[in-house]
Amino acid sequence: MEKQVIEHAGQPVGVALHQNGKVKFMAVKYHVMDLDDAVFNSVAELRGALARLQSMQPRAAA
């Protein structure tokens, strides 16, 4: 099984586990836990899901 660190917005957020032609996401940061154990067709699809998830989360006040 091949493993790949996944970064989003410049920080590691999880690991992609490549198996049987699919990509399973293992989240390591709380703000992406909604995608933990999700299965994708590709890393590009996973990255798209991360971007959509981030766009739905409220921004922290500065």
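Just so we're clear, the structure is a prediction, and the values are computed from it rather than from any experiment. Here, residues in each chain are numbered from 1, in the same order as that chain's written sequence. Thresholds applied to this predicted model are a pLDDT of at least 70 for local features of residues and 80 or more for the giving and counting of side-chain atom pairs; totals over whole chains, interfaces and linings are not thresholded and use all residues. Excluded from the side-chain calculations are hydrogens and water; all other atoms, namely the structure's heavy atoms, are used.

1. Some remarks on the overall build of the protein
When helices and strands are tallied, the protein shows 1 helix and 4 strands. Along the protein, helices (α) and strands (β) appear in the sequence β-β-β-β-α when read from the amino end. Taking 11 Å as the expected radius of gyration for a compact globule of 62 residues, we find that the protein reaches 12 Å, a close match to that expectation. Projected onto its principal axes, the C-alpha coordinates of the protein cover approximately 45 × 15 × 15 Å. Only runs of H or I of at least four residues qualify as helices and only runs of E of at least two qualify as strands under DSSP, and these elements are numbered from the N terminus. In this treatment the radius of gyration is a C-alpha quantity, and the globule benchmark scales as 2.2 Å times the residue count to the 0.38 power.

2. Focus on the sheet that holds strand β1 (residues 2–8)
Strand order in this open sheet of 4 strands is β1-β2-β3-β4, and the pairing throughout is antiparallel. Among the strands making up the open sheet, the edge pair consists of β1 and β4 (39–40). The criterion for strand pairing is that DSSP finds at least two bridges linking the strands in question. In this structure, strand β3 (residues 22–27) lies alongside β4, joined through 2 bridges in antiparallel fashion. Each bridged residue has a counterpart across the sheet, and for Val-23 the counterpart in β4 is Phe-40. Where helix α1 (residues 43–56) meets the sheet, it contacts β1, β2 (11–19), β3 and β4, and its direction lies at approximately 30° from that of β1. In this description, contact between two residues means that some pair of their heavy atoms is separated by no more than 4.5 Å. Angular values range over 0 to 180 degrees, each being the angle between N-to-C directions of two axes fitted as lines to C-alpha atoms, with helices fitted over their stretch in contact.

3. What to know about α1
Expected span of a helix, by definition, is 1.5 Å for each gap between consecutive residues, and there is one gap fewer than residues. For α1, spanning 14 residues, the distance from its first C-alpha to its last is 20 Å, which sits close to the expected 20 Å at 1.5 Å a residue. Partly exposed residues are those whose accessible area sits between 20% and 50% of the maximum for their type, while under 20% is buried and over 50% is exposed, using a 1.4 Å probe and protein chains only. Residues of α1 that are buried include every one of Val-43, Leu-46, Ala-49, Leu-50 and Leu-53, and no others. Considered in projection along α1, the buried side chains sweep an arc of 115° and stay on one side of the axis. Exposed and facing more than 90 degrees away from the buried side of α1 are Ala-44, Arg-52 and Ser-55. Residues of α1 that are buried make contact with β1, β2, β3 and β4. Along the arc lie the directions from the helix axis toward the C-beta atoms.

4. So, the pattern of salt bridges
Just to be clear on terms, a salt bridge is a Lys or Arg side-chain nitrogen sitting within 4 Å of an Asp or Glu carboxyl oxygen. Counted by the stated rule, this structure contains 1 salt bridge. In this structure, Lys-24 engages Asp-37 in a salt bridge whose closest nitrogen and oxygen atoms are separated by 3.7 Å. You can see Lys-24 sitting in strand β3 and its partner Asp-37 sitting in the loop between β3 and β4, a full 13 residues away along the chain. Given a relative accessible area of 30%, Lys-24 falls into the partly exposed group. With relative accessibility at 47%, the residue Asp-37 sits in the partly exposed group.

Structural measurements only, silent on function.
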